[in-house]
Structure formats: structure tokens, C-alpha cells
Amino acid sequence: MNVLFLGTGAGIPAKARNVTSIALQLLEERKSVWLFDCGEGTQHQILHTPIKPRRIEKIFITHMHGDHIYGLPGLLGSRSFQDGKDKLAIYGPKGIKEFVMTTLTLSTTYIKYPLEIIEIEEGVIFEDDTFIVEARKLEHGIPSYGYRITEKDLPGPLLIEKLKEMNVPAGPHFQKLKQGETIILDDGRSLNGADFLGAPQKGRIVTILGDTRKCETSIELAEKADLLIHEATFGKSDDQLAYDYFHSTTEQAAKIAQEADVKKLILTHISSRYQEHHIEGLLTEARSIHPNTEIANDFDLFDIVRGE
């Protein structure tokens, strides 16, 4: 599991930073990619990465501002031309279905794969046997959501050495034991799979927030997350601008991470007013509160390691 930043800027594209899009790559977990927001030019950014559009299984939109959605129609159309046949689900606020269907219809873009568009409310919006995704409203000028992605705990590893010590021959029954089943060996011994499994592997938690002021909901969504991705449109000296435009500062994002007891914080959605020589200062502001913080650049890749 890792995150690849396709765009880390705020508002408009800039030379150094494209507008917002984040790929949560779940290639080992489910052989797919989940995209969070799809700003203008996202499919161009994807061309510079190993991501295959046909692998994109879900797209989660945080809110309906243009710098988070203008890349959707092009990406959806191109996916058809790039061998995309599997179903794609889009989750987003009210209005996302009208936006997508209107642009596809008026541009006579025909999608050759099943497309499902879910207009979300607060609460659990997706769950299967591996992941749960919860959405909550943040504090922005229009409805803006944050997403908490929880990987379900995995069964512990099969204790191969213990089986060898008991002279249990390797074979198909190892798979049954790993699934917790009881087996009968040729010599008549009965083995309960639960006795040969190590401790369960705790699932990872990733929180990805849309545009927002500092608010209590952010803390709740981020509680004890392995990774929090939070906007930091402004530096701490521009806190009044951040408040007026419903955004957060570096310092405010770091306080959220601190209060939520987050392991790692990555800041994104950086205003184009800040040039490259400003970034170290912005990072210092955040690290003074939450030391394990990074500021993402376009195409940065961060692994989310189990158990750290």
C-alpha cells in the first residue's frame, strides 16, 4: 500500500505543482488503484507514472470545486480507449452525478465499461472483506468531505516451523490450516488451524481530507491513523486568509495530526504563492508541532508500512 501524489497544488495549475489528485495504490491488497480527487490534467500526470487507468477501481471526490473535478471527464473517456473494461465507481458530494453525466453526454463520450456514481452522505460509504471507507463533512465554503480508509485486520501467518516440529507434512492442508480450519492427518491426528496461526496483522488506516478549516471532524477522521493527508494551502502567517477562504495553515494541519495521534502527516494543496524556496520554512512550521511531517511534491511516493 502506498500513496502517489499526482497533483499537490491549490486552485490553478502551476509549473511546479498540478492541481489536486492522489492515488492510493492497493496493488498487493486488491490489484487496483483508488483515486482521491481528479483535478485538471490528472490523466497527463498519470502518463508519467506506472499507473494504468484500467487499474483505477474507485474515484473519491472530496468536493465540487473545479481544481478537484475538472480532470474527471477526460480520464473517464480515455479509460475506455486504454482497455478499461472493469467497473469504475465514483463517490462524491451531491452534484457529482450531474456533472459527470452532463459532460459525457454533451461531448458524446461513450464509456465502454460499467460506471457507478454514488452521491454520498456521512457515514460508511463502502465496505467489503478488506476495507471500510467512512466519509464525514468538513468545514469548507461548499460541502467538502474527508475520507477514512481502514484496512481490516489480516489473519496471522501460518506457523510453518511449529508444523515442521510436529512432523506435519507440507501439502494442500497447509492452506486449510491457514484459513483456521480443522484437518485430519493420515496418521489420525486432528489439528485445529487456530493453534497454528501467529498474531493477527493489524490493518492500516489512511485519512485523506478535502479542503477545510481546522475542525473537530478532521481529528475524529484522523484518530490514530498511520497516515494523514491534510491540505496546507497557507503558511501560519496567513492564518486569517486561511480562515476567510475556508482553508488550513501548516500549523493548523500539524495540530490536527498531533491531537489525533497520527503516525505520519503529509501536507498537500499548497498555494502557488509559495515558491520552492518557501517550502523548507513551511515544513519547519509543521514539524515544530508534528515532527513526522512531509510536504508532498508532484510524483512523490510514500509507502504505508504495516506495523510502523
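Along each chain, the written sequence defines residue order, and numbers are assigned to residues from 1. The predicted origin of the model limits local features to residues at a pLDDT of at least 70 and limits the giving and counting of side-chain atom pairs to 80 or more, whereas totals for whole chains, interfaces and linings rest on all residues. Each side-chain value is derived from all of the structure's non-hydrogen atoms; neither hydrogens nor water enter the calculation.

1. Here we look at the overall build of the protein chain
Think of it this way: any DSSP run of H or I at least four residues long counts as a helix, any run of E at least two long counts as a strand, and we number them from the N terminus. Looking only at helices and strands, the protein chain has 11 helices and 16 strands in total. When the backbone C-alpha atoms are referred to their principal axes, the protein chain occupies close to 75 × 50 × 35 Å. Counting the 308 residues in the protein chain, one finds 50% classified as buried. Contact criterion: two residues are considered in contact whenever any of their non-hydrogen atoms come within 4.5 Å of each other. Considering only contacts in the protein chain between residues 6 or more positions apart, those separated by 24 or more positions represent 62%. Residue burial is assigned from relative accessible area. The probe radius is 1.4 Å, only protein chains are included, and a residue is buried under 20% of its type maximum, exposed over 50%, and partly exposed in between.

2. What to know about the pairing of strand S2 (residues 21-26)
Walk down a regular strand and you will see the side chains alternate between the two sheet faces. Burial runs high along S2: six of the six residues are buried. Here the rule is simple: two strands pair whenever DSSP picks up at least two bridges between them. Sheet analysis places strand S1 (residues 2-7) next to S2, joined by five bridges and oriented antiparallel. Counterpart to phenylalanine 5 in the pairing with S2 is isoleucine 22. Bridging between S2 and strand S3 (residues 32-36) involves five bridges; their strand directions are antiparallel. Across the sheet, the residue bridging to leucine 24 is tryptophan 34, located in S3.

3. Observations concerning the sheet that holds strand S7 (residues 123-127)
Spatial strand order, S7-S8-S9-S12-S13-S14-S15: seven strands in an open sheet with mixed pairing. Each of the sheet's edge strands pairs with one partner strand only, and the pair in question is S7 and strand S15 (293-295). Shown here is a sheet whose adjacent strand axes are inclined to one another by a mean of 20°, direction ignored. Inspection of the sheet shows strand S13 (residues 227-231) paired to strand S14 (residues 264-268) by five bridges, in the parallel sense. Across the sheet, the residue bridging to leucine 228 is leucine 265, located in S14. This element, helix H11 (residues 276-287), spans S14 and S15 of the sheet and lies at about 155° to S15. Only the contacting stretch of a helix is used when fitting its axis, a line to C-alpha atoms as for every element, and angles between N-to-C directions run 0 to 180 degrees.

4. Things to note about empty space enclosed by the protein
Cavity means a closed set of points on a 1 Å grid over the protein atoms alone, one where a 1.4 Å probe fits but cannot get out, pocket means an open set with protein on both sides within 12 Å along at least 5 of 7 lines, and lining means a residue has an atom within 4 Å of a point. Grid points are joined across faces, edges and corners, and a volume is the space filled by probe spheres set on the points. Throughout the structure, instances matching the rule amount to one cavity of 30 Å³ or more. Approximately 80 Å³ is the volume found for the largest cavity. Contributing to the lining of the largest cavity are 14 residues, with Thr20, Ile22, Asp37, Leu209 and Gly210 lying nearest its centre. At the level of elements, strand S12 (205-209) and S13 are the ones that each hand at least two residues to the lining of the largest cavity. Polar here means any residue other than Ala, Val, Leu, Ile, Met, Phe, Trp, Tyr, Cys and Pro, which are nonpolar, and Asp, Glu, Lys and Arg, which are charged; Gly is therefore polar. Tallied by class, residues from the lining of the largest cavity come to five nonpolar, six polar and three charged.

5. What to know about H11
An α-helix turns once every 3.6 residues. As a result, residues three or four positions apart point the same way. Helices are assigned an expected span. That span is 1.5 Å times one less than the residue count. Here H11 spans 18 Å end to end across 12 residues, near enough to the 16 Å set by a 1.5 Å rise per residue. In this fold, the buried residues of H11 make contact with helix H10 (250-259), S14 and S15.

6. A word on the packing of aromatic side chains
Two rings belonging to Phe, Tyr or Trp (six-membered ring only in the last case) form a pair when the distance between their centres is within 6.5 Å. Interplanar angles under 30 degrees mark stacking, angles over 60 mark edge-to-face geometry, and anything in between is tilted. Scanning the model with the defined rule gives eight aromatic pairs in all. Centre to centre, the rings of phenylalanine 5 and phenylalanine 302 are 5.9 Å apart; their planes meet at 90°, and the pair counts as edge-to-face. Of this pair, phenylalanine 5 sits in strand S1 while phenylalanine 302 sits in strand S16 (residues 301-303), and the two are 297 residues apart along the sequence. With 4.8 Å between their ring centres and 10° between their planes, phenylalanine 60 and tyrosine 91 make a pair best called stacked. Of this pair, phenylalanine 60 sits in strand S4 (residues 56-60) while tyrosine 91 sits in strand S5 (residues 88-92); the two residues are 31 residues apart in sequence, bridging distant segments of the chain. Using a relative accessible area of 4% as the deciding quantity, one classes tyrosine 91 as buried. Each residue in the set Trp34, Phe36, Phe60, Tyr91, Phe126, Phe131 and Tyr147 is aromatic and connected to the rest through ring pairs, giving one cluster. Sitting above the plane of the tyrosine 113 ring, arginine 79 keeps its charged end 4.4 Å from the centroid. Its end group placed over the ring of phenylalanine 81, lysine 112 keeps NZ or CZ at 5.6 Å from the ring centre. Should the NZ of a Lys or the CZ of an Arg lie within 6 Å of a ring centre and within 35 degrees of the ring normal, that charge is described as sitting over the ring.

7. Notes on the side chain of aspartate 211
Along the chain, aspartate 211 falls in the loop between S12 and helix H8 (216-222). Residues scored as positive are Lys and Arg, those scored as negative are Asp and Glu, and His as well as the terminal groups of each chain are ignored. Take a side-chain nitrogen of Lys or Arg and a carboxyl oxygen of Asp or Glu: if they are within 4 Å of each other, that pair is a salt bridge. In this structure aspartate 211 is buried but unpaired, with arginine 213 as the nearest side chain of opposite charge at 12 Å. One polar contact links aspartate 211 to histidine 68, side chain to side chain, over a distance of 3.3 Å. With residues near it in sequence (within four places) discarded, aspartate 211 still touches His63, His68, Leu138, Glu139, His140, Ser144, Glu231, Phe246, His247 and His269. Contacts described as polar in this section are N or O atom pairs within 3.5 Å, which, within protein, must combine one atom able to donate a hydrogen with one able to accept it, while residues neighboring in sequence count only if both atoms come from side chains.

8. Considering a positive patch on the surface
Nonpolar side chains (Val, Leu, Ile, Met, Phe, Trp, Tyr) within 5 Å and like charges within 9 Å form the patches, drawn only from residues with over 30% relative accessible area and no salt bridge. The Shrake-Rupley method, run with a 1.4 Å probe sphere, supplies the accessible areas, and residue values consider only the shown protein chains as cover. Charged groups are reduced to one reference atom each: NZ for lysine, CZ for arginine, CG for aspartic acid, CD for glutamic acid. A grouping of Lys31, Lys52, Arg54 and Arg55 is seen on the molecular surface, where their side chains present a positively charged patch. For lysine 52, the position within the fold is in the loop between helix H2 (42-46) and S4.

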